[in-house]
Amino acid sequence: MLIIPPLLPPMNIKQLRYFYELAQHRHFARAAKACFITQPTLSASITALEKSLGTELVVRNSQFVALTEAGEVVLRHAERMLLEQESMHQELSLFTGELSGLLRIGIIPQSSVDIMPLLRRFNSLHPNVALRLSVLTHATLLEQLELHQCDIGLGFDEPLSDHQRRHLDVRVRRPNQMAVLSPCDGREPCAPLTLHDLLPHPLLLPSRSMQFRRYFDQAAEQAGLQFKVVLETDSLFHLVSAVNHGLGSAVVSAGLAATAGQLLDVCCQPLLGAEAGTTVFIARRHSVTPAMRAFMTMLENAPQHSSAEHS
C-alpha cells in the first residue's frame, strides 16, 4: 500500500523573496525596507515560512543573529528559484514585446575596460532591461556569481581556479595596464615611468585586499623595491581626489588614469615593468537568463571587442 505523506502548508515565492532579502541584509528593518513592507509583516512572513517547512531558518532574539543550518540550505534553493522566476519573466517578455527584466553586473574597481559605453549600448538595444551595477573585489565578484547574486562580472582572469573555469563562461580578454596619476607640474603627460622612477615620490595605492594592489606588490617585490606609501584606500574616488589635492602619486589602471586625466588637472603616465593581470567578462555556464545571453552576445559583436579571445 502506497502511503502518501501529508503535504506541508504551502509556501509562496513572496515568502522566499522576503527570506532572501533578510539573508542578504542580516537585519529585519533593512530587509523590510528593501521589500517595501513593514518589519512586522516581514517577521510574520518568515515565521509562516518556517512553519510551512517545519524547521527554524533564522536565529533571532530581539534582532537577526544568523541563519540556521537549515536556513543556509533554504537560501541556496531560494536563490535558484528566484533566479528561475526572473528568467521565466524575461523569456515571457519576448512573446509580448521587447526583452525586460533585471541584469546585475559586478565590476572590479581597477579595470582597463570602460563599462559605461557598453552599458549605454546594451540599454539602447534593450531599453526595458534595468541595470544594477556593483563595484566589488575580485573574490566577492566570483562568490556572487556562484551564489547567483550577480549575473555578469568584469574581473581578472589569472586568479580563477580550475573548478571556477569549468563552471564559468570567461570571455573578452584584455590586458590590464598600470599607470601613474600625479599632480601636474609641467611634465610631459605621456612620458612613461618605471618602478624605479616612483621611489622618490609618496604613493597613493589601492587597499591590500584589492587584486590590482597585489599585482603592484608582486612587481615591487620582484624588483626589490620599497616605496613610501602615504595613503591606502578601497575608494577610487578618494584615491583620485588625493592626487588632485597634491597628496602624492597614485598607481591605478590605465583606463581609470585616462578618464581621470580628461576630467581633472592631473598628469597621466604609463607605468612600465608592472603587470596588472588580464581583465575578462565572466558569466555562469548554467542558470543563464535571456538578459545575460543578450549582454554576452553584445560583447561578441561590439566593435571594440572584435579581437577578443575565448576560453
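Residues numbered from 1 in each chain as written. Predicted model: local features only at pLDDT ≥ 70, side-chain atom pairs only at ≥ 80, totals over all residues. Heavy atoms only, no water.

Participant: Any chance you could explain unusual backbone geometry here in plain terms?
Facilitator: Trans is the prevailing form of peptide bonds, just as negative phi is the prevailing case for residues other than glycine. Notably, Phe 36 is not glycine yet its phi reads approximately 60 degrees, a positive angle. Of note, Phe 36 is situated in the loop between helix H2 (28-35) and helix H3 (39-53). You will see that Ser 287, though not glycine, has its phi angle at about 50 degrees, which is positive. Examined against the element boundaries, Ser 287 turns out to sit in the loop between strand E13 (278-284) and helix H11 (290-301). (Helix = DSSP H or I, 4+ residues; strand = E, 2+ residues; numbered from the N terminus.)

Participant: Is there a simple way to think about the sheet that holds strand E11 (residues 249-253) in this case?
Facilitator: Whether parallel or antiparallel, the strands of a sheet pair through hydrogen bonds between backbone atoms. Spatially, 6 strands are ordered E8-E12-E7-E11-E9-E10 in an open sheet, and the strand pairing comes out mixed. Among the strands making up the open sheet, the edge pair consists of strand E8 (193-194) and strand E10 (229-233). Note: E8 against strand E12 (residues 266-272), 2 bridges, orientation parallel. Counted as the bridge partner of Leu 193 is Leu 271 from E12. Sheet contacts for helix H9 (residues 236-244): strand E7 (178-183), strand E9 (203-206), E10, E11 and E12; angle to E9, the most-contacted strand, approximately 170 degrees. Where helix H10 (residues 254-263) meets the sheet, it contacts E7, E11 and E12, and its direction lies at approximately 120 degrees from that of E11. (Pairing = 2+ DSSP bridges. Contact = heavy atoms within 4.5 Å. Axes fitted to C-alpha atoms, helices over the stretch in contact; angles between N-to-C directions.)

Participant: What is the right way to look at the confidence of the model for the protein chain in this model?
Facilitator: Detailed conclusions should not be drawn from predicted coordinates in areas where pLDDT is low. Residue-level pLDDT values for the protein chain average 85, and 92% of them are 70 or greater. Segment residues 305-311 is flagged for pLDDT under 50; beyond a separation of four residues in sequence, or across chains, it makes 16 contacts in the model. (pLDDT = per-residue confidence, 0-100.)

Participant: How do you make sense of empty space enclosed by the protein when you look at a structure like this?
Facilitator: Left-over empty space is what a probe sized like a water molecule reveals as it rolls over the atoms. This structure, assessed with the given rule, holds 1 cavity of 30 Å³ or more. Of the pockets and cavities examined, the largest cavity occupies roughly 50 Å³. Residue-level mapping places the lining of the largest cavity at the junction of two domains, with at least three residues from each of domain 2 (99-174 + 279-301) and domain 3 (175-276). (1 Å grid on protein atoms, 1.4 Å probe; cavity = no way out; pocket = protein on both sides within 12 Å on 5 of 7 lines; lining within 4 Å. Points joined across faces, edges and corners; volume = space filled by probe spheres on them. Domains from an automatic or database assignment.)

Participant: Just to check I follow, could you spell out the state of the cysteines for this structure?
Facilitator: Here, the word disulfide means a covalent bond between the sulfur atoms of two cysteines. Under the counting rule described, the total for this entry stands at 0 disulfides. There is no disulfide at Cys 35, and the cysteine sulfur nearest it, in Cys 150, is 20 Å away. (Disulfide = S-S within 2.5 Å.)

Participant: Explain a nonpolar patch on the surface here, please?
Facilitator: Judged by side-chain polarity, Met 88, Leu 92 and Phe 95 come together as a nonpolar surface patch covering roughly 360 Å² of accessible area. Using a relative accessible area of 43% as the deciding quantity, one classes Met 88 as partly exposed. (Patch = residues over 30% accessible without salt bridge, like charges linked within 9 Å, V, L, I, M, F, W, Y side chains within 5 Å. Areas by Shrake-Rupley, 256 points an atom, 1.4 Å probe, with all protein chains shown as cover. Salt bridge = Lys/Arg side-chain N within 4 Å of Asp/Glu carboxyl O. Buried < 20%, exposed > 50% of the residue type's maximum accessible area, 1.4 Å probe, protein only.)

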